[in-house]
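# A structural walkthrough
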Amino acid sequence: MRRLAILNHKGGVGKTTTCFNLACAYADQGLKVLCVDLDPQGHLALSFGITEAGLSGVDSLFFDDADLSPLLIDAREGIDLLPAGYRLGEIERLAAQGRNKAQLLRQRLDEIADDYDLLMMDCPPNSGLLNFNALFVADEVVIPVSGDYLALQGLSQLLKTLRSAERFMNKPIRMWIALTRFTVRRRLAQQVRDKLIRYFPDKLLATAVRENAPLAECPSFGKSIFDYSRRSNGAQDYRALADDLLYGRVVGSA
Ligand SMILES: Nc1ncnc2c1ncn2[C@@H]1O[C@H](COP(=O)(O)OP(=O)(O)O)[C@@H](O)[C@H]1O
Ligand SMILES: [Mg+2]
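Keep in mind it's a predicted model, so treat the numbers as computed, not measured. Sequence positions are assigned chain by chain, starting from 1 and proceeding in written order. Each chain takes a letter, starting from A, and each ligand takes a number, starting from 1, following the order in which they are written. Only residues with pLDDT of at least 70 get local features here, since the model is predicted, and only at 80 or more are side-chain atom pairs given and counted; chain-wide, interface and lining totals rely on the full set of residues. Think of the side-chain values as coming from all heavy atoms in the structure, minus any hydrogens and water.

## Some remarks on the pattern of salt bridges
Any Lys or Arg side-chain nitrogen located within 4 Å of an Asp or Glu carboxyl oxygen qualifies as a salt bridge. Counting across every chain of the model gives 11 salt bridges. Where Asp28 meets Arg76, a salt bridge forms, and the shortest distance between an N and an O atom there is 2.8 Å. On the criterion of sequence distance, the pair formed by Asp28 in helix 1 (residues 15-28) and Arg76 in strand 3 (residues 73-76) is long-range, its members being 48 residues apart. The partly exposed category is assigned to Asp28, whose relative accessible area is 47%. Arg210 serves as the salt-bridge partner of Asp237, at 2.9 Å between the closest nitrogen and oxygen. Here Arg210 lies in the loop between helix 7 (187-199) and helix 8 (213-217) and Asp237 lies in helix 10 (residues 233-247), a separation of 27 residues in the sequence. When its relative accessible area of 23% is taken as the criterion, Arg210 is described as partly exposed. Sharing partners across several salt bridges, the network here consists of Arg3, Asp110 and Asp139. For helices the rule is a DSSP run of H or I covering at least 4 residues; for strands it is a run of E covering at least 2, with both sets numbered from the N terminus onward. Think of it in three bands: with a 1.4 Å probe and only protein chains considered, a residue is buried below 20% of the maximum accessible area for its type, exposed above 50%, and partly exposed in between.

So this is what it looks like as structure tokens:
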């Protein structure tokens, strides 16, 4: 099982959109995907059209040492979802203890790893503890970067953080950058892209995901971009990005 975290401390860069649509792209190819929503806002479950309030999920692992299997939701063909759970927002109060819980999350996921080809974790924008947990579990991190200048500023800091996490956890973490919300005709976006190509050719996935309205619309219908608008730019881009990630296609290898 490949273990991926979709992570960026910045909000609104397309983490959830990327996690959701990549998972659906892989499931459509017949792969078995386990999605884990580590964001207390629970947007990943909403994207799948799962709107029940009061669901339990990752929160139950942390607070009650619950078994994992009963918490899984059959989100759609080929995808099981471990929802965030309504108490996940309280996780920060576990403080130092929460770090030990990272071992627990990893153990529990190990137990069912054979059932899946891919693990995809959607991470929150600003929880140190939950992102620590995600990194503890992940072997690979996908960093969505939107095409604006500020997004680029946070990136080198984030890469530094990831490198120190590697050292601390004593394991390699493969880092991928995905350019999202790309506006082809905006000069600033082109500049951001040029910089990413220049400085991170071995990390930047080959496809830039364009800004595309159907991508913002499809979650409210509980549909993936492929079901909602098969011929849209968004569907085209996320299909290509899914292959990039599957085969390790970065701009430097193209
Ligand atoms: N390529 C895109 N084109 C248009 N809208 C997008 C695109 N990617 C994301 N969005 C929209 O931008 C907002 C933030 O995206 P989201 O995936 O929720 O970011 P994050 O999880 O990083 O906070 C959402 O409303 C989403 O629908
Ligand atoms: Mg999100």
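Still to come is the rest of the account.
## A short note on the environment of Gln236
Relative to the assigned elements, Gln236 resides in helix 10. Classification of Gln236 as partly exposed rests on a relative accessible area of 45%. A sequence separation of 34 residues divides Gln236 from Asp202, and the C-alpha atoms of the two residues are 23 Å apart. Ignoring any residue separated from it by four or fewer positions in sequence, one finds Gln236 in contact with Arg210 and Arg231. Contact criterion: two residues are considered in contact whenever any of their non-hydrogen atoms come within 4.5 Å of each other.

## What to know about the packing of helix 1 against helix 10
Helix axes are fitted to C-alpha atoms over the stretch in contact, other axes to C-alpha atoms as well, and angles between N-to-C directions run from 0 to 180 degrees. At a minimum axis separation of 9 Å, helix 1 and helix 10 run at an interaxial angle of 80°. Between helix 1 and helix 10, the interaxial angle falls into the category roughly perpendicular. Two secondary-structure elements touch here, helix 1 through Thr17, Thr18, Asn21, Leu22, Ala25 and Tyr26 and helix 10 through Tyr238, Leu241, Ala242, Leu245 and Leu246. Of the residues that constitute the contact of helix 1 with helix 10, the class distribution is 8 nonpolar, 3 polar and no charged. Under this scheme an angle from 65 to 115 degrees is roughly perpendicular, one under 35 degrees roughly parallel, and one over 145 degrees roughly antiparallel; angles in between are oblique. Side-chain classes are defined by residue name, with Ala, Val, Leu, Ile, Met, Phe, Trp, Tyr, Cys and Pro counting as nonpolar, Asp, Glu, Lys and Arg as charged, and the others, Gly among them, as polar.

## Things to note about the pairing of strand 4 (residues 79-82)
Both faces of the sheet carry side chains from a regular strand, because those side chains alternate between them. Neither face of strand 4 is exposed, since Ile79 and Leu81 on one face and Asp80 and Leu82 on the opposite face are all buried. Here, a strand pair is defined by DSSP locating no fewer than two bridges between the strands. In terms of strand pairing, strand 2 (residues 33-37) meets strand 4 through 4 bridges, oriented parallel. Within strand 4, the position partnered with Val36 by the bridge is Leu82. As paired elements, strand 3 and strand 4 share 3 bridges and run antiparallel to each other.

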